[in-house]
Amino acid sequence: MHLAAFVTAGPGRPGGWRYPDSVPGWLGAEYYQNIARTLEDGRFDLAFFADILSVPDRFGSSTDSQLRNGALGSLRLDPLHVLTSMGAVTKHLGLAATVSTTYAQPFTVARSFATLDHLTAGRAAWNVVTSFQESEARNFNRDEQFPREKRYERADEFLEVAGKLWDSWEDDALVLDAQAPLFAEPSKVHAIDHKGEWFTVQGPLNVPRPPQGYPVVIQAGASAKGKDFAARWSDVIFCSHASLESAQDFYREIKERAAAHGRDPRQVKILPSIAPVVGPTTEVARQTADLLFDLVPPLGGLSTLAYHLDVDLSTFPLDERLPDVEVPGVEGHYREVREITEREGLTLRELGKQYGGRVEGGFVGTGADVADGLEQWFTEGACDGFMVQAPYQPGGFEDFTRQVVPELQKRGLFRTEYEGATLRENLGLHRSEAGEWSNRAPKQPSAAK
Ligand SMILES: Cc1cc2nc3c(=O)[nH]c(=O)nc-3n(C[C@H](O)[C@H](O)[C@H](O)COP(=O)(O)O)c2cc1C
């Protein structure tokens with residue numbers, strides 16, 4: 001079983017920052033370094049940081065509900081800098097940052113992740129997102145977003161270019177022969193001369209090939225286009241599900257898609273997100289979950305749902321059910337909330353609270369109770385592991401590490417020591433050979449913009 005931690009460089013889950021044991025240290029390196037040490041003690045594969053490039057204003061065309069409620073998009077530090085500080089105090093923990101292919105440039109991103117991979121001796125991972133907020137577009141010279149189709153076309157070319165840049169130094173190009181002198185062998189460092197629909201990049205990169213070949217690539221696309229993209233490029237796929245059954249369906253589908261792209265399905269790891277609440281007794285865990293739920297302001301949850309769906313939910317009556325809507329944002333989250341709304345007959349107000357404070361996967365209890373649930377999902381074909389959210393930071397990670405991890409280890413489901421030197425090795429993924437990504441780019445050139 002593999003474990004990733006969903007860490008937020010900001011207040012995290014709605015309401016979590018109001019929990020009495022929550023520590024509001026988001027603006028200091030020490031806060032993240034302590035979390036990194038906790039996760040490494042728990043032998044987590046990686047720490048993952050989501051990201052967004054705006055303060056969302058999708059609820060009532062205002063940032064008010066995000067800021068007032070400390071909702072998920074209210075405050076976010078730049079994850080790459082946060083990861084560098086965590087890398088400095090750990091030796092094994094993988095470090096994953098979200099960077100958007102829609103608003104960044106391949107040279108900068110390839111360089112940043114190659115740098116992080118070198119600085120941490122092979123522990124870097126990139127969560128590739130295509131972004132889905134109009135408010136993000138407005139921070140990058142545009143009035144509106146590119147349509148989803150175009151965002152994914154750009155992302156395909158972006159990854160193709162990044163791969164070429166990482167390959168632009170052959171593995172043994174850096175010689176460091178002071179006598180000769182031969183610092184780097186010029187015949188082993190290549191321009192890439194890429195000219196495509198979206199990018200023109202000469203290369204080479206000014207950083208040698210990363211220790212992992214390519215950093216680990218993570219993706220969480222939920223539309224048909226997104227799932228296809230993920231199956232083509234990703235080493236790790238994040239998802240969220242409201243039931244074991246939908247997780248099993250997704251797992252089967254993605255593994256089939258990966259095989260259809262000529263990949264070994266075992267080289268694609270699927271990690272659903274969970275938000276367990278753990279306590280010394282089942283009773284205490286339930287009380288904690290209830291308190292955390294009480295602390296979620298419904299408009300904080302709704303404002304986050306509005307930005308995830310990219311739909312202004314302030315236009316619907318709060319005491320009626322969410323009607324069917326067109327979702328320009330995350331289809332997977334929409335499927336999930338429809339399932340919850342129908343199953344539990346929730347009004348929009350109740351859904352806001354649920355969305356902010358629900359215990360994803362329903363894992364509440366002692367370490368053994370939670371381990372039972374995780375074992376079931378893992379052994380019944382729903383996942384290769386989990387992306388663990390803490391109901392509040394940083395204590396939620398400490399609870400999980402001290403109470404759930406030992407149970408998983410006792411059952412032989414989870415490592416007691418890191419197996420490998422790099423994140424790829426710990427995830428059971430092979431090191432990427434130069435040129436490997438050329439086969440993954442779509443065969444058809446992108447259509448004109
Ligand atoms: C667990 C999870 C985490 C995600 N994290 C981010 C994120 O940090 N930033 C972001 O822009 N999108 C994030 N997304 C959204 C996805 O990357 C993707 O853009 C979204 O699911 C829309 O995909 P689609 O266009 O295929 O529907 C996340 C999605 C999931 C399920």
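Our structure is the block above this text.
Residues numbered from 1 in each chain as written. Predicted model: local features only at pLDDT ≥ 70, side-chain atom pairs only at ≥ 80, totals over all residues. Heavy atoms only, no water.

**Some thoughts on the packing of aromatic side chains**
Okay, step 1: In the structure shown here, the tally under the stated rule is 20 aromatic pairs.
Okay, step 2: Here the aromatic rings of Phe-44 and Phe-400 are separated by 5.9 Å at their centres, their planes lie at 65°, and the arrangement is edge-to-face. Taken together, the positions of Phe-44 in the loop between α1 (29–41) and β2 (46–49) and Phe-400 in helix α14 (residues 395–410) put the pair 356 residues apart, joining distant regions of the chain.
Okay, step 3: With a relative accessible area of 0%, Phe-44 lands in the buried category.
Okay, step 4: A relative accessible area of 1% means that Phe-400 is categorised as buried.
Okay, step 5: With a centroid separation of 4.5 Å and an interplanar angle of 45°, the aromatic rings of Tyr-214 and Trp-437 are classed as tilted. With a gap of 223 residues between them, Tyr-214 in the loop between β8 (200–201) and β9 (216–219) and Trp-437 in the segment after α15 (423–427) connect regions that are remote in the sequence. Residue Tyr-214 shares its accessibility class with Trp-437, and that shared class is buried.
Okay, step 6: An aromatic cluster is built from Phe-113, Trp-126, Tyr-152, Phe-158, Trp-166, Phe-199, Tyr-214, Phe-229, Trp-233 and Trp-437, whose rings are joined through pairwise contacts.
Okay, step 7: Positioned above the aromatic ring of Phe-293, the side-chain terminus of Lys-353 is 5.2 Å from the ring centre. (Phe/Tyr/Trp six-rings, centres within 6.5 Å; stacked < 30°, edge-to-face > 60°. Helix = DSSP H or I, 4+ residues; strand = E, 2+ residues; numbered from the N terminus. Buried < 20%, exposed > 50% of the residue type's maximum accessible area, 1.4 Å probe, protein only. Lys NZ or Arg CZ within 6 Å of the ring centre and 35° of its normal.)

**Here we look at the pattern of salt bridges**
Okay, step 1: Across all of its chains, the model carries 30 salt bridges by this definition.
Okay, step 2: Linking Glu-344 and Arg-343 is a salt bridge whose minimum nitrogen-to-oxygen distance equals 3.4 Å.
Okay, step 3: Between Arg-411 and Asp-372 there is a salt bridge, with the nearest N and O atoms lying 2.8 Å from each other. Here Arg-411, found in the loop between α14 and α15, pairs with Asp-372, found in helix α13 (residues 367–379); they are 39 residues apart in sequence, far enough to count as distant.
Okay, step 4: Ionic contacts of the salt-bridge type, sharing partners, join the residues Lys-227, Asp-228, Arg-232, Glu-253 and Arg-257 into one network. (Salt bridge = Lys/Arg side-chain N within 4 Å of Asp/Glu carboxyl O.)

**Examining unusual backbone geometry**
Okay, step 1: In this chain, Gly-203 is followed by Pro-204 through a cis amide linkage whose omega measures -5°.
Okay, step 2: One can find Pro-204 in the loop between β8 and β9.
Okay, step 3: Cis geometry marks the peptide bond from Gln-393 to Pro-394; its omega dihedral reads -5°.
Okay, step 4: With respect to the helices, strands and loops of the structure, Pro-394 is situated in the loop between β14 (385–389) and α14.
Okay, step 5: The backbone of Ser-61 shows a phi angle near 50°, a positive value even though the residue is not glycine.
Okay, step 6: Here Ser-61 lies in the loop between β2 and α2 (64–69).
Okay, step 7: Under the relative-accessibility criterion, Ser-61 is labelled exposed at 62%.

**Observations regarding the nonpolar core**
Within soluble globular proteins, side chains that are nonpolar tend to cluster in buried spots.
Okay, step 1: Within the largest apolar cluster, 74 residues are counted, with the highest numbers of intra-cluster contacts made by Leu-3, Trp-126, Trp-166 and Leu-374.
Okay, step 2: Top contributing element to this core by residue count: helix α6 (residues 148–166), with eight residues.
Okay, step 3: Ignoring any residue separated from it by four or fewer positions in sequence, one finds Trp-166 in contact with Ala-110, Phe-113, Ala-114, Trp-126, Leu-205, Arg-209, Pro-210, Gly-213, Tyr-214, Pro-215 and Trp-437.
Okay, step 4: Counting residues in each nonpolar core, the second largest holds 18 residues, with Ala-306, Leu-309, Val-325 and Leu-348 among its members. (Core = buried A, V, L, I, M, F, W, Y, C linked by side-chain atoms within 4.5 Å. Contact = heavy atoms within 4.5 Å.)

**A few points about helix α12 (residues 348–357)**
The periodicity of an α-helix, 3.6 residues per turn, causes residues three or four places apart in sequence to face the same way.
Okay, step 1: Buried residues dominate α12, accounting for eight of its ten residues.
Okay, step 2: For α12, the set of buried residues is Leu-348, Leu-351, Gly-352, Lys-353, Gln-354, Tyr-355, Gly-356 and Gly-357.
Okay, step 3: The inward-facing, buried residues of α12 abut α9 (282–294), α10 (298–309) and α11 (331–344).

**Looking at the environment of Val-278**
Okay, step 1: Mapped onto the fold, Val-278 is located in strand β12 (residues 277–278).
Okay, step 2: By relative accessible area, Val-278 is classed as buried at 9%.
Okay, step 3: Separated by 139 residues in sequence, Val-278 and Asn-139 have C-alpha atoms that sit 39 Å apart.
Okay, step 4: Non-local contacts of Val-278, meaning those with residues more than four positions away in its chain, are made with Ala-285, Gly-365, Thr-366, Gly-367, Val-370, Asp-399, Phe-400, Gln-403 and Val-404.

**A closer look at α9**
Okay, step 1: Between its terminal C-alpha atoms α9 stretches 18 Å, which fits the 18 Å expected from 13 residues at 1.5 Å a residue.
Okay, step 2: Every buried residue belonging to α9 is among Ala-285, Thr-288, Ala-289 and Leu-292, and all of these are buried. The buried residues of α9 occupy an angular sector of 100° when projected down its axis, which confines them to one face.
Okay, step 3: Residues of α9 that are buried make contact with β12 and β13 (364–365). (Expected span 1.5 Å × (residues − 1). Arc of directions from axis to C-beta.)

**Remarks on the packing of α1 against α14**
Okay, step 1: The geometry of α1 relative to α14 is characterised by a closest axis approach of 9 Å and an angle of 15° between their N-to-C directions. Here α1 lies roughly parallel to α14, going by the angle between them. α1 and α14 meet at a crossing whose hand is left-handed. Of α14, the residues touching α1 (which contributes Ile-35, Thr-38, Leu-39 and Asp-41) are Phe-397, Glu-398 and Thr-401.
Okay, step 2: Of the residues in the contact of α1 with α14, the class split is three nonpolar, two polar and two charged. (Axes fitted to C-alpha atoms, helices over the stretch in contact; angles between N-to-C directions. Parallel < 35°, antiparallel > 145°, perpendicular 65-115°, else oblique. Left-handed = near helix turned anticlockwise from the far one by under 90°. Nonpolar A, V, L, I, M, F, W, Y, C, P; charged D, E, K, R; others polar.)

**Some points on the site of the ligand**
Okay, step 1: Ala-50, Asp-51, Arg-148, Tyr-152 and Ser-223 are the nearest of the 19 residues found near the ligand.
Okay, step 2: In the model, a nitrogen atom of the ligand is placed 2.7 Å from a nitrogen or oxygen of the Asp-51 main chain.
Okay, step 3: A distance of 2.7 Å is found between an oxygen atom of the ligand and a side-chain nitrogen or oxygen belonging to Tyr-152.
Okay, step 4: Compared with its free state, where it exposes 620 Å², the ligand has 93% of that area covered by protein.
Okay, step 5: The set of elements that each furnish at least two residues to the shell around the ligand consists of α6 and α11.
Okay, step 6: Here the shell around the ligand is composed, by residue class, of nine nonpolar, seven polar and three charged. (Near = heavy atom within 4 Å. Polar contact = N/O pair within 3.5 Å; in protein donor to acceptor, adjacent residues only side chain to side chain. Areas by Shrake-Rupley, 256 points an atom, 1.4 Å probe, with all protein chains shown as cover.)

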